[in-house]
Number of protein chains: 2
Amino acid sequence: MKLYDMVKAPNPRRVRIFLAEKGIEVERVEVDIPGGANLADDYLAVNPRGLVPTLVLDDGTRIDESIAICRYIEALHPEPNLFGLKPLEVARVEQWQRRCEFEGLFNIAAAFRNTAAPFANRTMPGTSPAFGQNADLAERGRVMTGRFFDALEARLSESRFLAGDRFTVADITGMVSVDFAKWVQLRVPESHANVQRWYGEVAGRPSARA
Amino acid sequence: MKLYDMVKAPNPRRVRIFLAEKGIEVERVEVDIPGGANLADDYLAVNPRGLVPTLVLDDGTRIDESIAICRYIEALHPEPNLFGLKPLEVARVEQWQRRCEFEGLFNIAAAFRNTAAPFANRTMPGTSPAFGQNADLAERGRVMTGRFFDALEARLSESRFLAGDRFTVADITGMVSVDFAKWVQLRVPESHANVQRWYGEVAGRPSARA
């Protein structure tokens, strides 16, 4: 297996943390997105959408979506379980993994790509059309990210981890979102004591440095 | 179990089709979103975000995210399988379920909520802040929906269903997206013969009327 990766980007980082939690090492190829390498012909032959990460299996099969890659790894290597075991836990993991994406990652990405200079003419990722930056969209993203932090605080005031009493892929997406928010100078308020407690715990795991 | 539902809305429809494929009947409560019932106190007590669907279990536990509900049902009732069995199939289902959401449903929702009169001051769903409509965002959504149709055509030119040779939850999200696009007068081009063939097959299943 080979993972097309970009060390700084949030989505490949989710996959690297997931692999580290499983104790799996995979060959990695860095794709220089700021330099435009994701839109060069040789990478478009790997991933026609120009996105990272992409996992390429030994027979050439490609899986080019972050959580699909994680589910593939989970199916091959069930331990330690990261997507839930009993029906209600499976639902809680899915619910919070997705809420962290929709309310966290996506809003932060909107705030970032609609303001950062290198993305002036590519606010949508990969081979998407060259839509220009939209200040209104950036501002919505910032407001919604603040609400995401509030949602995390409410959840973590009743639960040690996002999906319950143990670490799962939902915590990976949650932590990566909190770190990604720093790219647009948004930080979890100190007053959100439960998020601070949880973040300290998840960011302290060795996998967080993957 | 009780499902808080809205017959016309795309996300609850995904859950109803999923339940129909499993042969499961669940008590349903219609929530009148255009009339604002999702923002009334009694519904906010069920779902503080003011979103549908919500599944409430007999002990009062709530699952308030569409695909989390589907995964809960799948875990309780594994047959017929709709999320994949072998590792690569699990990955393909996840990949295409998510692509249909991110490239289909989300873009269509942006086009719809940023133009439809009843949503003039609530372009974000549920209890989100009252962001106004943004014509640029609606136009991006329309352009990206056209590209989504192209992605479906490319995939379905090589595969009978989205995830492979059998019907899965990816096809549910795909079909619901194609139907939702009609709300903004966008239709799969007649020239997209493989999408037409696939749509005829999936929309012809009894579950499509759920």
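Residue indices begin from 1 for each chain and proceed along its sequence in written order. Labels follow written order: the first chain is A, the first ligand is 1, and so on. In keeping with the predicted nature of the model, local features appear solely for residues at pLDDT of at least 70, side-chain atom pairs appear and are counted solely at 80 or more, and the whole-chain, interface and lining totals rest on all residues. Each side-chain value is worked out from all heavy atoms of the structure, with water and hydrogens disregarded.

- The name an unreviewed UniProt entry assigns to chain A is glutathione transferase, from the organism Sphingoaurantiacus capsulatus.

## Brief notes about the relation of the copies chain A and chain B
Thought 1: Least squares is the method for superposing the copies, and the C-alpha atoms it fits come from residues with pLDDT of at least 70 in both. Mapping chain A onto chain B leaves a residual RMSD of 0.0 Å; the transformation is a rotation of 180 degrees accompanied by 0.0 Å of translation along its axis. The superposition operator between the copies reduces to a two-fold rotation axis. Of every C-alpha in chain A, the one belonging to Leu 137 of chain A sits nearest the axis of rotation, 4.1 Å from it.
Thought 2: Between two residues, a contact is recorded if the distance between any of their heavy atoms is within 4.5 Å. The fraction of interface residues of chain A whose copies in chain B are also interface residues reaches 100%, indicating that both copies meet through the same surface.

## Some remarks on the layout of surface pockets
Thought 1: A cavity, in this analysis, means grid points on a 1 Å lattice covering only the protein atoms where a 1.4 Å probe fits yet has no way out; a pocket is instead an open set bounded by protein on both sides within 12 Å along at least five of seven lines, and a residue lines either one if it has an atom within 4 Å of a point. Grid points are joined across faces, edges and corners, and a volume is the space filled by probe spheres set on the points. Here the second largest pocket defines a volume of roughly 590 Å³.
Thought 2: Lining the second largest pocket are 19 residues, with Arg 71, Gly 84 and Val 90 of chain A together with Arg 71 and Val 90 of chain B positioned closest to its centre.
Thought 3: Secondary structure counts use DSSP, requiring at least four H or I residues in a row for a helix and at least two E residues in a row for a strand, with both numbered from the N terminus. Those elements giving two or more residues to the lining of the second largest pocket turn out to be helix 3 (66-76) of chain A together with helix 3 (66-76) of chain B.
Thought 4: For the lining of the second largest pocket, the residue count by class is ten nonpolar, four polar and five charged. For this classification, the nonpolar set comprises Ala, Val, Leu, Ile, Met, Phe, Trp, Tyr, Cys and Pro, the charged set comprises Asp, Glu, Lys and Arg, and every other residue, Gly included, is treated as polar.

## Some words on helix 7 (residues 193-203) of chain A
Residues and elements named next belong to chain A.
Thought 1: Burial in helix 7 covers these residues: Val 195, Trp 198, Tyr 199 and Val 202. Along the axis of helix 7, the buried residues cluster in a sector spanning 100 degrees; they form a single face.
Thought 2: The elements touched by buried residues of helix 7 are helix 5 (135-156) and helix 6 (169-181). Accessible area is worked out with a 1.4 Å probe on protein chains only. A residue is then buried under 20% of its type maximum, exposed over 50%, and partly exposed in between. Here the arc refers to the directions that run from the helix axis out to each C-beta atom.

## A short note on the interface of chain A and chain B
Thought 1: The interface is formed by 45 residues belonging to chain A together with 45 residues belonging to chain B.
Thought 2: Accessible area that two parts lose when put together, with a 1.4 Å probe and added across both, is what the buried area reports. Buried surface at the junction of chain A and chain B, summed over both partners, amounts to about 3600 Å²; 60% is from carbon and sulfur atoms.
Thought 3: Salt bridges are defined by distance alone: a side-chain nitrogen of Lys or Arg within 4 Å of a carboxyl oxygen of Asp or Glu. Our count for the contact surface shared by chain A and chain B stands at eight salt bridges.
Thought 4: For the salt bridge of Arg 98 of chain B with Glu 101 of chain A, the shortest nitrogen-to-oxygen distance reads 2.7 Å.

## Thoughts on the UniProt feature "domain: GST C-terminal" (unreviewed entry) in chain A
Thought 1: Sites flagged by UniProt as "domain: GST C-terminal" (unreviewed entry) map to residues 86-210 of chain A.
Thought 2: Helix makes up 58% of residues 86-210 of chain A and strand 0%. Its end C-alpha atoms lie 28 Å apart. UniProt positions are given in the numbering used here, feature names are shortened, and annotations may be inferred rather than shown by experiment.

## Points about the domain arrangement of chain A
Residue and element names in this part refer to chain A.
Thought 1: Note that the domain bounds reflect an automated or database-derived domain assignment. On domain assignment, one finds that chain A holds domain 1 (2-76) and domain 2 (87-209).
Thought 2: With 21 residues of domain 1 at the contact, the number on the domain 2 side is 20 residues.
Thought 3: Here domain 1 and domain 2 share an interface that buries about 1700 Å² over both sides, 62% of which is from carbon and sulfur atoms.
Thought 4: If you sort the residues of domain 1 by the area they bury against domain 2, Arg 13, Arg 14 and Glu 21 come out on top, with a joint share of 34%.
Thought 5: Linking domain 1 to domain 2 there are four salt bridges.
Thought 6: Two residues, Arg 205 and Glu 21, come together in a salt bridge whose shortest N-O distance is 2.9 Å.

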